[in-house]
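# Chains, contacts and geometry: an overview
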Amino acid sequence: MASNSITSSRCSSSSWTPKQNKMFEKALAEYDQDTPDRWHNIAKAVGGKSAEEVKLHYEILVRDLKDIESGRYPYPYPSGSSN
C-alpha cells in the first residue's frame, strides 16, 4: 500500500502548473526554513494547494536534486554541447 501512496503523491505533484511551480519557487525564496507556518504561507502564495501538498512537493524536489547531484540521473546534455 505504501507504493500506492508514493505513486499518488508523485501524480499529485505532477499536476502542478508551470505558474504554480514558479510561485512555489518564489515563495521558497521568501519563506525560509525558519519562517513560522512556512508551508501554510507557501501554499497561500501558490494558490490551489494545501500546506501538505506544498511540503510534499518540496520533499520530492529535494529528493530529485539529491539523485541528480549523486549522478543517479545524467545531465540532459553531454558535456561540451551547446544549446
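Up top you'll find the structure we're talking about.
To start, this report covers the structure provided alongside it. (Residues numbered from 1 in each chain as written. Predicted model: local features only at pLDDT ≥ 70, side-chain atom pairs only at ≥ 80, totals over all residues. Heavy atoms only, no water.)

Next up on the list: the packing of aromatic side chains. If you walk through the whole model with that rule in mind, you get two aromatic pairs. Considering the side-chain rings of W16 and F24, the 5.5 Å spacing of their centres and the 75° angle between planes classify their relative orientation as edge-to-face. For the ring pair W39 and Y58, a centre distance of 5.2 Å and an interplane angle of 45° mean the geometry is tilted. Taken as a pair, W39 in helix α3 (residues 38-46) and Y58 in helix α4 (residues 51-69) lie far apart in primary sequence, 19 residues in all. On the basis of relative accessible area, Y58 is assigned to the partly exposed category, the value being 25%. (Phe/Tyr/Trp six-rings, centres within 6.5 Å; stacked < 30°, edge-to-face > 60°. Helix = DSSP H or I, 4+ residues; strand = E, 2+ residues; numbered from the N terminus. Buried < 20%, exposed > 50% of the residue type's maximum accessible area, 1.4 Å probe, protein only.)

Its identity as a non-glycine residue notwithstanding, D37 has a phi of 55°, on the positive side. Topologically, D37 is positioned in the loop between α2 (18-30) and α3. By relative accessible area, which is 53% here, D37 ends up exposed.

Let's shift gears to a nonpolar patch on the surface. A surface patch of nonpolar side chains, about 330 Å² in accessible area, is lined by L61, L65, I68 and Y73. Structurally, the position occupied by I68 is in helix α4. (Patch = residues over 30% accessible without salt bridge, like charges linked within 9 Å, V, L, I, M, F, W, Y side chains within 5 Å. Areas by Shrake-Rupley, 256 points an atom, 1.4 Å probe, with all protein chains shown as cover. Salt bridge = Lys/Arg side-chain N within 4 Å of Asp/Glu carboxyl O.)

Quick look at the nonpolar core now. By size, the foremost hydrophobic cluster in this structure holds ten residues: W16, F24, A27, L28, W39, I42, A43, V46, A51 and V54. Elements with a contribution of two residues or more to this core: α2, α3 and α4. With four residues, α3 is the largest single contributor of residues to this core. (Core = buried A, V, L, I, M, F, W, Y, C linked by side-chain atoms within 4.5 Å.)

Note on pairing: side chains with opposite charge can pair once their charged atoms come close. Taken as a whole, this structure holds two salt bridges when the rule is applied. Its salt-bridge partner being K22, residue E25 comes within 3.6 Å of it at the nearest N-O pair. Of the two residues, E25 and K22 are both situated in helix α2; the distance of three residues between them amounts to about one turn of the helix. Linking R72 and D67 is a salt bridge whose minimum nitrogen-to-oxygen distance equals 3.5 Å.

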